[in-house]
Amino acid sequence: CALPFLLGKRFFFDGMWPESPSYHYQTITLLQQVFDALEGYTDETGNVDPVEPPSPTDPEPNSMVESMSPDPRLLFWFMARNVPDLIAYPNGNICPVHDTWASKKTSPVRNITTCRLLPGFGHAVLGSGTGDDQTEIHLHFSGSSPFHAHRDNLNIALFAFGREMISDLGYSHGKLRAWTVSTVG
C-alpha cells in the first residue's frame, strides 16, 4: 500500500507536504478519501492489512482485518492534516509561499499570535499580539519541491493591522510567473 510511503517518505518530518500549502491541502483531501473508504473495512478473503503489512516474523501473515479504522494507527496523520494552520495568518488566509493560491482562506481565524517553526518545510513565524492587534513576520527558507517551489531562500511576509502588508505573490500563471519564482522576485 502506498499510504506508509506517502506519509513516511513524501511529507517533511514536521508534517508538511513539500510543494506548498495549497498542494498540501489537496494531498490531505485525497488521503482523507482513502481513509474514509477504508473505515470499517473487513477483509473476508484473509488478505493482509493494507495499512500495516505483517512482519516476516508474524506467526499469522494472513490474518483477517475486521472493522478497520486507519486514522488512529497513523499518528503522523493527525499532525499532517492541519499543519498548514501553523503558517496561516491570524485572519485564516494561508501565507502564500511557493505555488500557493494566495486568496484561499483555509485555516480558522486565530485570536492570539505566538512564534512558530516548521523546520522541515523551512518556515518560521515571529509574532505577538491578540485580537485585532496581531503582528507576524513570516520567514520562509526552503528550496522545497522542484516543481512548485520559488527560488527564494529567504522569503519575508508581514501581517499587521488586520491584513497582509508584504507578501509573496503565490501562484501565478500569467506574465508575472517568471518573476514570482525567481530569486530576485
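For the structure itself, consult the block above.
Now for a description of the structure that goes with this document. (Residues numbered from 1 in each chain as written. Predicted model: local features only at pLDDT ≥ 70, side-chain atom pairs only at ≥ 80, totals over all residues. Heavy atoms only, no water.)

Details of the packing of helix H2 (residues 21–38) against helix H4 (residues 75–82)
Here comes step 1: Closest axis-to-axis distance for the H2/H4 pair is 9 Å, and the angle between their directions is 140°. Relative to H4, the element H2 is oriented oblique. For the pair H2 and H4, the crossing hand works out as left-handed. When H2 is examined against H4, the residues His-24, Tyr-25, Ile-28, Leu-31, Gln-32 and Phe-35 are found in contact with a partner set consisting of Trp-77, Ala-80 and Arg-81.
Here comes step 2: Split into classes, the residues belonging to the contact of H2 with H4 amount to 6 nonpolar, 2 polar and 1 charged. (Axes fitted to C-alpha atoms, helices over the stretch in contact; angles between N-to-C directions. Helix = DSSP H or I, 4+ residues; strand = E, 2+ residues; numbered from the N terminus. Parallel < 35°, antiparallel > 145°, perpendicular 65-115°, else oblique. Left-handed = near helix turned anticlockwise from the far one by under 90°. Contact = heavy atoms within 4.5 Å. Nonpolar A, V, L, I, M, F, W, Y, C, P; charged D, E, K, R; others polar.)

Quick look at the environment of Ser-22
Here comes step 1: Structurally, Ser-22 is set in helix H2.
Here comes step 2: Between the C-alpha atom of Ser-22 and that of Asp-99, which follows or precedes it by 77 residues, the distance is 7.3 Å.
Here comes step 3: In this structure Ser-22 touches Asp-99, Thr-100 and Trp-101, once residues within four positions along its chain are discounted.

Description of the pairing of strand E2 (residues 123–128)
Here comes step 1: Relative to E2, strand E1 (residues 116–118) is paired through 3 bridges, and the arrangement is antiparallel. Residue Arg-116 lies in a different strand from E2, and its bridge partner there is Val-125.
Here comes step 2: What sits between the antiparallel neighbours E1 and E2 is a turn of 4 residues, in which Gly-122 has the positive phi angle 85°.
Here comes step 3: Sheet analysis places E2 next to strand E3 (residues 135–140), joined by 6 bridges and oriented antiparallel. By the bridge assignment for E3, Ser-128 is matched with Thr-135. (Pairing = 2+ DSSP bridges.)

Description of the environment of Gly-131
Here comes step 1: As for its placement among the helices and strands, Gly-131 is situated in the loop between E2 and E3.
Here comes step 2: Along the backbone, Gly-131 and Ile-112 are 19 residues apart, and their C-alpha atoms lie at a distance of 6.4 Å.

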